[in-house]
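Structural description and commentary
Below are the chains, spelled out letter by letter.
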Amino acid sequence: MAIGAYNHFAATAPNRPVMEVDAETPPMRAAELRAAIAAATRAPEASCVAALIAVASLPSDTVQAARDVARTLVVQLRERRSRSSGVDALMHEFSLSSGEGVALMCLAEALLRIPDTATADALIRDKVSRGDWRAHLGRSQSLFVNAAAWGLMITGNLVATHSDETLGRSLTQLIARGGEPLIRRGVDLAMRLLGQQFVTGRTISEALARARERQAMGYRYTFDMLGEAALTAADADAYLAAYENAIEIVGTSAAGRGVEQGTGISVKLSALHPRYCRAQRERVLAELLPRLRGLCERARRHDIGLAVDAEESERLDLSLDLIEPLALDAALDGWNGLGVVVQSYQKRAPFVVDWLVDLARRSGRRIAVRLVKGAYWDSEIKRAQIEGQAGYPVFTRKSYSDVCFLACARRLLAAADLIFPQFATHNALTLTTVREMARAGGVQRYEFQCLHGMGETLYDQVIGHDKLGVACRIYAPVGSHETLLAYLVRRLLENGSNSSFVNQILDPSIGIDELLQDPVQHAIESGGAPHPRIALPEDLFAPARRNSIGLDLNDDRTLDGLQAAFAQAGQRAWRAMPLLAAGSAESAEARPIRNPADLQQVIGEVQDATRSDVESALATAQSFTTTWITTDAAARARLLDRAADVLEAHRNDLIWLAVHEAGKTLPNALGEVREAVDFCRFHAQQLREPGFDANGRPLGVVACISPWNFPLAIFVGQIAAALAAGNVALAKPAEQTPLIAARAVQLLHEAGIPKAALQLLPGDGRVGALLAADARVRGVLFTGSTEVAALIDRALAAREVAEEVVLVAETGGINAMVVDSSSLPEQVVGDVLASSFDSAGQRCSALRVLCLQEEIAERTLAMLIGAMREMTIGDPARLATDVGPVIDEQARERLDAHITRMRRTQRCHSLPLPQAAQRGTFVAPTIIEIDSLAQLEGE
């Protein structure tokens, strides 16, 4: 689908040089375009680039004309270099390619949050003392940079020797009085200067006043209220009020200039709803859409534009679900002010452009489309790697993003009767190429856009009839000093990178020809190949091993396929029993396995191992030890690799079991399968390491006793480790989760692992006790409670014959997080919620105690409680569920008793349980304010 869609995009490219669509190839319909948008992420990069080259390639005279004008702009820009702002020079000198640049960024991002000087000074010592500031002296023409370098070198030297015992008391006192405090004041001043550079004003009124000077020069404006994604309902309400106020003030001052000529507003959807993500789609459409419609109605009354900003790729489909009803809303008839931002670094950008053109045609209204290159590239790459996606949603080479920008620009200009094209770029060649495209197609109604504080130096040479005569709109953030930080860091990341035009324009070592390299030619020369140092997620650990494959739970087709697989799995009669090489010696009575989210639902049954089953397994295992020990390491590695492939092939069944037997949410269940697969491949990789056999001799028979909280990952991990080391494994799963264990063992046997090398013994603690007490068991791998680990340890020690036996025990505890004021509160809250309540808190690593610095405690706690209230409790088979049930009734009763006891003396904050939770073993997520760790009596 993705390749076909890209070929269609190329086939319907505007003819050269006239900007019109080939009538022989019919346009895609809306549904086809949405399917193409979804599929494009998985399209091979080379195929995407080949199609884009066909669209972005221009006649040679057009390319040369664009280069000639761009060269003039670059020469003029460099001539003005000595007059450029100190902030620009500072960003270039201390770029993110240097350790000093990273240190400054970390320092600036955190320092202004710190209310106490002791923590601030400690952070300064950590970041500043390690820099090679002397190397930057004299490298910049900017007095601002050289002054900063001198100050940092001197203070850095002092701070670096702060703990040097050879220094006298006087120097130490000098530093204490003049070192860190001076840096504190200096960084505060620098941040305020940066704030003035990047933020138009603290309030919308102040921003409008400051914008008048550039408006008189011909600039247009769109204002954005600074702030990141809302975590709480209060956050979303505050952002909504800020946008409403901004629309009223901007609209009142608009003076009837209209949506194209006048000032507009840009909004971030994540700021307007605390759960703006695909998993909460139904809730978002019900709650966010009315809010967004209300803002559009306000903008319509004032006849100003309202643009919906683009965010992370996993939110793209959801944003389109919101934009479509707005474009078709009869209440907004007659208003052409709806705007949408498209990111050209996404492989889906061409189809988003086509879909918006189609939407404009269907709605009968002009839609403003702001084409940008994108601001989240690094996080998009990292997220795809972590999630084991089939590919990247973004291009891995910057030149490909530039090519995509040009291809999308041609499409937008070709549809200028339906679209108001807006091109956001700071790149001189991109600017002039788009301008030549428009000139060739006779398009006059379009504009460029730039960021406040970054692009004006370029566009001062563009706007005005005596220059290039093209309009430019400034994207201007508005907000307080405190809201600057996250935005500033993103700007530093974008423009401090060594591939940024803004950075390169200040670097005299980069020649103009190199600076103006044609991205289309570069893409042709590279053959569309991905960046050689950015492996696909599957190849992240290559050549040693393959990464486990994930699922895109933001993709509707993936979710539909998973739902269909779940329907089939739910019809199966799941059954677990002892899986013995010699067959079951006797039959025990089967017991039902119930869904902890709905105890009325029996999902299968288990026949527990008897004493004779244990004896049979032990006898077989012991007789097979020599055979397995002498099996070649390479052969064992091949079996484990095959086991990983088989587990992955039956992923949907295993996810279903993890959800319905262990109560895991869909993301947790997927992670469970991926970890099991990774364990198999990791241990296979170890077997291939040189000298593996010299690391020690196998133990023989090993008992693997695994927990219910990781019923597949740890279960398979223990088995894979034991088998890889040449041991024969007897696997005893938790009594609550035997079905997924039985299915895993069946699959491992199907992969070729001998039944005598791996046998399953389901049952309660008595089975584990029999294994621990038997002298034939030479090792025990255990994960679970400290109490049970101690029982196993005593059982091993009590054996009648003194012998060497190995116990590897992973147990729980009370885990704490210490948070000081340098931490970003939003990140703290997100991490606390994930660590505390993900998996219903049933991880040995789950956060139990949060220690907050007093100065930030009240605000952080309020934010944490507010964010907790946005969580969804319920059936883990639903994607929207954040918190599922605890494993069984015993666990629920123990946790509820603890909460009830603490409520008598402590302040507690709990979520209400929904009515449906009464059918399962749910515990309300709870925050308890305690006075002492002594109040915690156990795990």
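What counts and what doesn't
Residues numbered from 1 in each chain as written. Predicted model: local features only at pLDDT ≥ 70, side-chain atom pairs only at ≥ 80, totals over all residues. Heavy atoms only, no water. Helix = DSSP H or I, 4+ residues; strand = E, 2+ residues; numbered from the N terminus. Buried < 20%, exposed > 50% of the residue type's maximum accessible area, 1.4 Å probe, protein only. Contact = heavy atoms within 4.5 Å. Areas by Shrake-Rupley, 256 points an atom, 1.4 Å probe, with all protein chains shown as cover. Polar contact = N/O pair within 3.5 Å; in protein donor to acceptor, adjacent residues only side chain to side chain. Expected span 1.5 Å × (residues − 1). Arc of directions from axis to C-beta. Pairing = 2+ DSSP bridges. Axes fitted to C-alpha atoms, helices over the stretch in contact; angles between N-to-C directions. Core = buried A, V, L, I, M, F, W, Y, C linked by side-chain atoms within 4.5 Å. Phe/Tyr/Trp six-rings, centres within 6.5 Å; stacked < 30°, edge-to-face > 60°. Lys NZ or Arg CZ within 6 Å of the ring centre and 35° of its normal. Parallel < 35°, antiparallel > 145°, perpendicular 65-115°, else oblique. Left-handed = near helix turned anticlockwise from the far one by under 90°. Nonpolar A, V, L, I, M, F, W, Y, C, P; charged D, E, K, R; others polar. Salt bridge = Lys/Arg side-chain N within 4 Å of Asp/Glu carboxyl O. pLDDT = per-residue confidence, 0-100. Right-handed = clockwise from strand over helix to strand, strands pointing away.

Looking only at helices and strands, the protein features 37 helices and 20 strands. Split into buried and exposed, the 939 residues of the protein put 55% on the buried side. In the protein, once contacts between residues fewer than 6 apart in sequence are set aside, the share between residues at least 24 apart is 80%. Total accessible area on the protein is roughly 39100 Å²; 51% of this is exposed by carbon and sulfur atoms.

The next thing to look at is the environment of arginine 275. Here arginine 275 is to be found in the loop between helix H14 (269-272) and helix H15 (281-302). Residue arginine 275 is classed as buried on the basis of its relative accessible area, which comes to 15%. Once the C-alpha coordinates of arginine 275 and glutamate 870 are considered, the two residues, 595 residues apart in sequence, prove to be 7.3 Å apart. Those residues in contact with arginine 275, other than ones at most four positions away along the chain, are Gln280, Arg283, Val284, Glu870, Met871, Thr872 and Asp882. Side-chain polar atoms of arginine 275 contact the backbone oxygen of glutamate 870, separated by 3.0 Å. One polar contact links arginine 275 to aspartate 882, side chain to side chain, over a distance of 2.8 Å.

Another aspect to go through is helix H4 (residues 60-79). Taking 1.5 Å of rise per residue, the 20 residues of H4 would be expected to cover 28 Å, and the 29 Å separating its terminal C-alpha atoms lies within 8% of that figure. Taken together, the buried positions of H4 are occupied by Thr62, Ala66, Arg67, Ala70, Leu73, Val74 and Leu77. Each buried residue of H4 lies within a common arc of 130° when the element is viewed along its axis, so the set occupies one face. Turned more than 90 degrees away from the buried face of H4 sit Ser60, Asp61 and Glu79, all of them exposed.

It is worth spelling out the sheet that holds strand E7 (residues 447-451) at this point. Spatially, E1-E2-E3-E4-E5-E6-E7-E8 is the arrangement adopted by the eight strands of the closed barrel, whose pairing is parallel. Taken pair by pair, the neighbouring strands of this sheet meet at an average axis angle of 30°, ignoring direction. Across the sheet, H15 lies against strand E2 (264-267), strand E3 (306-308) and strand E4 (338-343), angled at about 150° from E3, the strand it touches most.

This paragraph deals with the nonpolar core. Among the nonpolar cores identified, the biggest contains 123 residues, and Phe223, Ile265, Leu306, Ile419, Phe423 and Tyr459 are the most heavily contacted of them. For this core, the leading source of residues is helix H19 (residues 398-414), giving 10 residues. Residues within four places of phenylalanine 423 in sequence aside, it is in contact with Leu371, Phe405, Ala409, Leu412, Leu413, Val434, Tyr446, Glu447, Phe448, Gln449 and Tyr459. Judged by nonpolar contacts, the second largest core, of 87 residues, contains Leu640, Ala756, Ala757 and Val777.

Here the focus is the sheet that holds strand E10 (residues 590-595). Spatial strand order, E9-E11-E10: three strands in an open sheet with mixed pairing. Of all the strands in the sheet, just strand E9 (574-576) and E10 have a single pairing partner and so form its edges. In this sheet, neighbouring strand axes are inclined to one another by 40° on average, regardless of whether the strands run parallel or antiparallel. Pairing of E10 with strand E11 (residues 598-607) involves six bridges; the strand directions are antiparallel. The residue bridging proline 592 from the neighbouring strand is glutamate 605, located in E11.

This part is about the packing of aromatic side chains. Inspection of the entire model under this criterion finds eight aromatic pairs. Centroid distance phenylalanine 423 to tyrosine 446: 6.2 Å. Interplanar angle 65°. Geometry classified as edge-to-face. One end of the pair, phenylalanine 423, is in strand E6 (residues 419-424); the other, tyrosine 446, is in the loop between helix H20 (428-441) and E7, and 23 residues separate them in sequence. With respect to class, phenylalanine 423 is no different from tyrosine 446; both count as buried. Taken together, the ring pairs connect Phe405, Phe423, Tyr446, Phe448 and Tyr459 into an aromatic cluster. Sitting over the ring of phenylalanine 405, lysine 373 keeps its end group 5.4 Å from the ring centre.

At a minimum axis distance of 10 Å, the contact between helix H28 (residues 633-649) and helix H31 (residues 713-724) shows a crossing angle of 160°. In terms of orientation, H28 lies roughly antiparallel with respect to H31. Crossing of H28 against H31: the hand is right-handed. Side by side, H28 and H31 meet where Arg636, Leu640 and Leu647 of the first sit next to Val716, Ala720, Leu723 and Ala724 of the second. Counted by class, the contact of H28 with H31 contains six nonpolar, no polar and one charged residues.

What follows deals with the side chain of asparagine 709. Following the sequence through the fold, asparagine 709 ends up in the loop between strand E12 (701-705) and H31. For asparagine 709, a relative accessible area of 14% puts it in the buried group. Looking at asparagine 709, its side chain comes within polar contact range of the main-chain oxygen of glutamine 842, at 3.1 Å. If near-sequence neighbours (up to four positions away) are discounted, asparagine 709 is found in contact with Lys664, Glu672, Gln842, Arg843 and Cys844.

We now examine the pattern of salt bridges. Across all of its chains, the model carries 55 salt bridges by this definition. One salt bridge in this structure joins glutamate 870 and arginine 283, with 2.3 Å as the shortest N-O distance. Of the two residues, glutamate 870 sits in the loop between helix H36 (854-868) and helix H37 (889-903) while arginine 283 sits in helix H15, which places them 587 residues apart along the sequence. According to the relative accessible area criterion, glutamate 870 is buried, its value standing at 8%. For glutamate 538, the salt bridge goes to arginine 546, with nearest N and O atoms at 3.4 Å. Among the charged side chains, a salt-bridge network with shared partners connects Arg34, Arg281, Asp317, Asp321 and Arg348.

Turning next to the confidence of the model for the protein. Segments scoring low in pLDDT should not have their predicted coordinates read at a detailed level. On average, residues of the protein score 88 in pLDDT, and 85% of them are at 70 or above. With pLDDT under 50 throughout, residues 16-24 is counted as low confidence; its partners more than four residues away or in other chains account for 18 contacts. For residues 161-177, every residue scores under 50 in pLDDT, and the model assigns this stretch 10 contacts once sequence neighbours within four places are set aside.

The linkage connecting alanine 542 with the following residue, proline 543, adopts the cis geometry, with an omega of 5°. With respect to the secondary-structure elements, proline 543 resides in the loop between helix H25 (519-526) and helix H26 (556-569). Positioned with a positive phi, alanine 255 is a non-glycine residue whose angle comes to about 60°. Position of alanine 255 relative to the elements: it lies in the loop between helix H12 (233-252) and helix H13 (258-261). A relative accessible area of 66% places alanine 255 in the exposed class. You will see that aspartate 303, though not glycine, has its phi angle at about 55°, which is positive. Summarising the element assignment, aspartate 303 is placed in the loop between H15 and E3. A relative accessible area of 35% places aspartate 303 in the partly exposed class.

The next subject is the pairing of E6. Counting buried positions over the six residues of E6 gives six, a clear majority of the element. Residues Ile419, Pro421 and Phe423 point to one face of E6 and Phe420, Gln422 and Ala424 to the other, with burial holding for every one of them. In terms of strand pairing, strand E5 (residues 367-372) meets E6 through five bridges, oriented parallel. Across the sheet, the residue bridging to arginine 370 is glutamine 422, located in E6. Across three bridges, E6 lies against E7 in parallel orientation. Of the residues in E7, the one forming a bridge with phenylalanine 423 is phenylalanine 448. Handedness of the crossover joining E6 and E7 through H20 is recorded here as right-handed.

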